[in-house]
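Residue-level structural notes
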Amino acid sequence: MPFRFDPSQEIREQLEAFAAHLTARDPELAAILEEALTQLSPLPPSGPQRNAARTTANSTVVRQLDGRDPTEVRPV
Amino acid sequence: MRFLLKSIQIEGFRGINNSGSPLTLDFAVDKVNSVFASNAQGKSSVFQALAFALTGNVKGLADLHRGEDAVSYVVNRFHPTHTGTVSIQVVPDNNLSSPLKFTITITPDGSRTVTGPPEVAEPQLFLRSLAGPFTLLDYNTFQRFVADSPLDRGRTFSGLLGLSRLSEVRQALDTLQNTVTFNRDFRISELTAAAAAHRDDAHRAQEEVSRLLGAISPTVLPTPLTPPLARAIATDALRRHPELLSYWGESPEPPFETLKRSLQVTEQAMLTNEASTLLARINQLTQLRVAGAEFDERRRAIALAIQLDEVIAVSPGLQIRDALRTSLAVLQSPGWPDSHQCPVCETTNDRDLVVHLQQHLGAFQAVDDTAALLTEAVRLSNWFRCFGQIFHQRELEPTGEERAVYGRLSAAIANASLRRGLLEESLEALDGLRERLIVQLNALILHREEVVARLPQSLVALVSTLGVGEQIFARCVAWEESLAQEARVRRQLERREEWRSFVARAASEFADAETALSASRISALEPLYRDLYATIVPGNDVVPKLARSPDGEDVFLLLENFYGLPNLKAPALLSEAYRNALAISLYLSAALTTPHVSGFMVLDDVSSSFDAGLQYFLMDVFRTKVRRGSHSSGLQVIFLSHDGTLEKYFDRLSNEGDWTNQKLFGRPPVGLVQAKERDGARLREAAVAHLSTGDDNAAGPIVRQYLESAVLEVLRRLNIGVPVDFAVHDSRKMLDAGLTSIERAVGLHKAAGSLVLSQLQCDGITQVVLPATLGNSLAHFPTSAGHGLSVVVLEGAMARVDQFLECFQYECTCDGTSRKRFYRSLTARQCSCH
């Protein structure tokens, strides 16, 4: 069954339901996504500002995926 | 709980000076509130004051060029304390007796302060929460809604339906799953190159181990060969030598140091040691020779350097890039005062230069990406590693120039500035070093052969075998390390791919769910917006339909029926007025069905494109279908207009119970602006009060209003006809037309012998009042400003207005008392008394 919002719920409840849906699938990635979305809120206007915000959010995602401190120079 | 607007007070803001006497507008919560003002009478300032109170922005100024210095024009230029003040009172719709008052001040430098009641912890946030998508609407709101792209319109409509947060999350998810920047943000190319380099290292180590195993063991090597297998084969080969076993002990792996020490105690120890040292040295130098994969690495580096030259050639140039980067660094440094000020010429610009420079630097993305690939390709290459190690081989005696080349190469890799010239120079220097390496290697091999020739062959073979065995174990460690590194990097790549899939799926699911929810909400609105549209534009064989795209946020304005034709695009077919009517219908339908914190709606001249008919229908929609009280979730409506036609309509409706009208008049931006309901008695009372204190500035506009009120009252009460264009004349001509209509009607009835007015009244009108009023008052009121008249002159004008009104009244004694009554018409009284 595809995920659907409950029209009787408030927006906050609908977003919580979606977060729970993702958490059931992969708790770790869901938590990372939640933090990335928090960084993108409020969403800057599209263009350079939003691109910059995306780069910042993605750097946080990379840090969490690699499980390392962002200031550490990672050997590759 | 929703909040309604009870009142607003304005002083020192935009066109409203009102020093010490703020313009006050009170609003009824259950009625339609109309506010009429002629041009330049402060209506826009009222709308801007509301917007400023709620959002901190001043509509109309926010979009001006920075050089226009808009912020310094928010405060009224004539206000003595140079402070703008806007106070608003709101009431919760469940407790209309408990108003909350907020006061917002602004100074010419743009400093804004907000104070509120103690029960509101965050006054600014509270006020901002009132600025919903329906709170402040003007003509542009609806025009833009139609003209917007379907995507922008869809996002706007999500906001109207209270779904803007879902739209924002949807956009944020789209932003995160952007595949264009995924490779760069997640270093995919870099990690892929690193994994390949580690794989090549492991492959080279495996080849070396295989070669060394072949030298000491006759065993056919298994496939695949692994480090543990290689170590087992090497151990087995060494254990076949009884000379070693006697020193081996219990260790499962060869105890190389113990075995070497045991061999050194033999009488040929010195020679053995020398042969062993030479062998180790030969093996060391052998590893620095050109390896097979190195040719591919060189070719790739050269190709990338050529590609870099090409992308640089089509870019604006590296000097420009460096200048932009330097400027950006200056702008982003803590000491730079303003990101709108150019660090080169120091002029102040309208746009933010950080954003501007970042956009320009985007043109160098291909250069930066290619430079990064070239840097990584060289940094991870075998030949670069050999280049660094080769300096430590004392026998090769590197020249100063070779050291300088390596130094420049290392620096270029450190700051990603490597170019083709230095790359080729480095490879040439490395080749020179390697030529000497081969010479040195051959000399070492020759020397070792001489040493070995002086030793017993069995001992030589044993030392050689032990040395090879030790090398095999050392290479296995490097091999395993390379395999581990490759596995780690590949795991990083896998995690990134898992993330990409996870976000893409989440974005897709969210988008589908948001689309489904929005589509169902839009569908539910359909009966309401169709009814509103049909009410504003009656008798029109057009049925609108709002359609949401099934796979995006686009919203299309369609016509389900256009005079019999199905499914056409509304923006292309409808006239401007009908397009706006459709947009208004959609906004209102959403407003009436979507809960918002703000329960009031302020509309500024939204009917400018409508003819008189459509305007009346629109007013009826507000009165009967939108007004709080007319609908279960109705809104408090505040309607601002400068339209002369609507003024008459407002005037008539204000006699009804569901409408209240106020008119702005005065002397903006210098003097007072006041708001009064059209009530002659109240106007007269106010004018007398000001005249009694000698305040001609305040009294002048009110006397003018009193005159207007008197003329309109006579026209209305005596049913005197006016020209058909009476309503659309500007304010001065309208008054002129009203008086002329009265004068002509009196003359007509007098000539016909049907005039009911007394001779005295008739003479007063035709010989005294009208000439005096027209000749004096109107001459001094060329506009509604009415300034420049003394108290004495104004008192005279007031007396003539009173006299004018008395000319159309008679003494009625029907109920036993004497009272003044207006004639029913110019030919009849209200009653039968004489």
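Here's a quick rundown of the structure. For every chain, the first residue of its written sequence is number 1, and the numbers climb from 1 along that sequence. To read the labels, note that chains go from A and ligands from 1, taken in the order they are written. Confidence filtering applies because this is a predicted model: local features only for residues at pLDDT of at least 70, side-chain atom pairs given and counted only at 80 or more, and all residues used for totals across whole chains, interfaces and linings. To get the side-chain values, all heavy atoms of the structure are used, and hydrogens and water are removed first.

So, the overall build of chain B
As a reminder, the rule being used: In DSSP terms, a helix is any run of H or I states spanning at least four residues, a strand is any run of E spanning at least two, and both are numbered starting from the N terminus. Using a 1.4 Å probe on the protein chains alone, a residue whose accessible area is under 20% of its type maximum counts as buried, one over 50% counts as exposed, and one in between counts as partly exposed. What makes two residues a contact is simply this: any of their non-hydrogen atoms within 4.5 Å. Methods summary: accessible areas were calculated by the Shrake-Rupley approach with a probe of 1.4 Å, and residue burial reflects only the protein chains presented.
Counting secondary structure elements, chain B contains 28 helices and 16 strands. A buried classification covers 50% of the 834 residues belonging to chain B. Sequence separation of 24 or more characterises 68% of the internal contacts of chain B that already satisfy a separation of 6 or more. Surface exposure of chain B reaches about 37,400 Å², of which carbon and sulfur atoms provide 53%.

Side note on the overall build of chain A
What chain A contains, in helices and strands, is 3 helices and 0 strands. Along chain A, helices (α) and strands (β) appear in the sequence α-α-α when read from the amino end. Counting only residues that meet the buried cut, chain A has 36% of its 76 residues in that class. Long-range pairs, those at least 24 residues apart, make up 23% of the contacts in chain A between residues at least 6 apart in sequence. For chain A, the exposed surface amounts to about 4,300 Å²; the carbon and sulfur share of it is 53%.

Notes on the sheet that holds strand 1 (residues 3-11) of chain B
All names here are of chain B. Operational definition: Pairing between strands requires that DSSP locate at least two bridges from one strand to the other. Axis angles are defined between N-to-C directions and span 0 to 180 degrees, where every axis is a line fitted to C-alpha atoms and, for a helix, only to the segment in contact.
Across the sheet, 5 strands lie side by side as 2-1-4-5-6; this open sheet has antiparallel pairing. Each having just a single partner strand, strand 2 (23-26) and strand 6 (112-115) make up the two edges of the open sheet. Looking at each pair of strands side by side, their axes are set apart by 15° on average, direction ignored. Bridge count for strand 4 (residues 84-92) against strand 5 (residues 100-106) is 7 bridges, and the pairing is antiparallel. Looking across to strand 5, one finds that glycine 84 is bridged to isoleucine 106.

Quick word on the state of the cysteines
Definition in use: Pairs of cysteine sulfur atoms within 2.5 Å are what we label disulfides.
Evaluation of the coordinates by the stated rule reveals 0 disulfides over all chains. Summary of cysteine pairing: cysteine 814 of chain B is not part of a disulfide, and the nearest cysteine sulfur, belonging to cysteine 831 of chain B, is at 3.4 Å.

Digging into the nonpolar core
We apply this condition: In these notes, a set of buried Ala, Val, Leu, Ile, Met, Phe, Trp, Tyr and Cys residues joined through side-chain atoms within 4.5 Å is what counts as a nonpolar core.
Of all hydrophobic cores here, the largest spans 98 residues; its most connected members are Leu33 of chain A together with Phe157, Trp499, Met601, Leu603, Met619 and Phe622 of chain B. Considering each element in turn, this core owes the most residues, 17 residues, to helix 19 (residues 457-536) of chain B. With sequence-adjacent residues up to four places away left out, methionine 601 of chain B is seen in contact with Phe134, Thr135, Leu137, Leu588, Ala591, Phe622, Leu635, Gln636, Val637 and Ile638 of chain B.

With respect to the interface of chain B and chain A
Rules: A simple way to read buried area is as the amount of 1.4 Å-probe accessible surface that goes missing from two parts once joined, with both sides added. Every case where a carboxyl oxygen of Asp or Glu lies within 4 Å of a side-chain nitrogen of Lys or Arg is listed as a salt bridge. Pairing of N or O atoms within 3.5 Å defines a polar contact, subject to two protein rules: one partner must be a possible hydrogen donor and the other a possible acceptor, and residues neighboring in sequence count only if both atoms are side-chain atoms. Residue polarity is assigned by list, with Asp, Glu, Lys and Arg as charged and Ala, Val, Leu, Ile, Met, Phe, Trp, Tyr, Cys and Pro as nonpolar; anything else, Gly included, falls into the polar class.
Chain B puts 42 residues into the contact, and the matching count from chain A is 38 residues. Of the roughly 3,700 Å² buried where chain B meets chain A, counting both sides, 65% is carbon and sulfur surface. A per-residue breakdown of the area chain B buries against chain A is headed by Arg495, Trp499 and Phe502 of chain B, which together make up 18% of the total. The interface formed by chain B and chain A contains 3 salt bridges. A salt bridge links arginine 25 of chain A to glutamate 509 of chain B; the shortest N-O distance between them is 2.7 Å. Applying the counting criterion to the chain B and chain A interface returns 8 residue pairs in polar contact (both at pLDDT 80 or more). Mapped by element, the contributors of at least two residues to the side of chain B that touches chain A are helix 5 (164-176), helix 7 (188-216), helix 14 (353-361), helix 15 (365-379) and helix 19 of chain B. The residue makeup of the side of chain B that touches chain A, split by class, is 19 nonpolar, 8 polar and 15 charged.

A closer look at the pairing of strand 9 (residues 555-562) of chain B
Residue and element names in this part refer to chain B. Burial runs high along strand 9: 6 of the 8 residues are buried. Turn length for the strand 8 (residues 542-548)-strand 9 hairpin, with the two strands adjacent in sequence and antiparallel, is 6 residues. Pairing of strand 9 with strand 10 (residues 565-569) involves 4 bridges; the strand directions are antiparallel. Bridge assignment links leucine 558 to a residue of strand 10, and that residue is lysine 569. As consecutive antiparallel partners, strand 9 and strand 10 are separated by 2 residues, and within that stretch tyrosine 563 has a phi angle of approximately 50°, a positive value.

A few points about unusual backbone geometry
With the exception of glycine, the majority of residues adopt a negative phi angle, and the majority of peptide bonds are in the trans configuration. Residue and element names in this part refer to chain B. With omega at 0°, the peptide bond leading from threonine 223 into proline 224 counts as cis. Tracing the sequence through the fold places proline 224 in the loop between helix 7 and helix 8 (227-239). Cis geometry is adopted by the peptide bond preceding proline 669, which originates at proline 668 and carries an omega value of 5°. Along the chain, proline 669 falls in the loop between strand 13 (659-666) and strand 14 (673-676). A positive phi is found at alanine 40, a non-glycine position, where the angle reads about 60°.

Brief notes about the packing of helix 12 (residues 292-313) of chain B against helix 18 (residues 420-453) of chain B
A pair of packed helices is captured by two measures, namely the crossing angle of their axes and the spacing between those axes. All names here are of chain B. Basically, it comes down to this: By the definition adopted for this analysis, an angle is roughly parallel if under 35 degrees, roughly antiparallel if over 145, roughly perpendicular if from 65 to 115, and oblique otherwise.
The geometry of helix 12 relative to helix 18 is characterised by a closest axis approach of 9 Å and an angle of 155° between their N-to-C directions. One way to sum up the angle between helix 12 and helix 18 is to call them roughly antiparallel. Residues Glu294, Arg298, Ala301, Ile302, Ala305, Ile306 and Asp309 of helix 12 form the contact with helix 18, whose own contacting residues are Arg420, Leu423, Glu424, Leu427, Leu430, Asp431 and Arg434. The residue makeup of the contact of helix 12 with helix 18, split by class, is 7 nonpolar, no polar and 7 charged.

A word on helix 15 of chain B
All names here are of chain B. Put simply, the rule reads: A helix's residues, less one, multiplied by 1.5 Å, set its expected span.
The end-to-end C-alpha distance of helix 15 is 21 Å, a good match for the 21 Å that 15 residues give at a rise of 1.5 Å each. Every buried residue of helix 15 is accounted for by Val367, Thr370, Ala371, Leu374, Thr375, Glu376, Ala377 and Val378. At its buried positions, helix 15 is contacted by helix 7, helix 12, helix 13 (318-332), helix 16 (382-390), helix 17 (400-414) and helix 18.

Quick notes on the pairing of strand 12 (residues 636-641) of chain B
Residue and element names in this part refer to chain B. Of all 6 residues that make up strand 12, 6 are buried, and the element is covered over most of its length. Neither face of strand 12 is exposed, since Gln636, Ile638 and Leu640 on one face and Val637, Phe639 and Ser641 on the opposite face are all buried. As paired strands, strand 3 (residues 32-37) and strand 12 are joined by 5 bridges and run parallel to one another. Bridge assignment links valine 32 to a residue of strand 12, and that residue is valine 637. Two strands pair when backbone bridges link them, and strand 11 (residues 600-604) and strand 12 are joined in this way by 5 bridges, in the parallel orientation. Its bridge partner being in strand 12, valine 602 is matched across the sheet by isoleucine 638.

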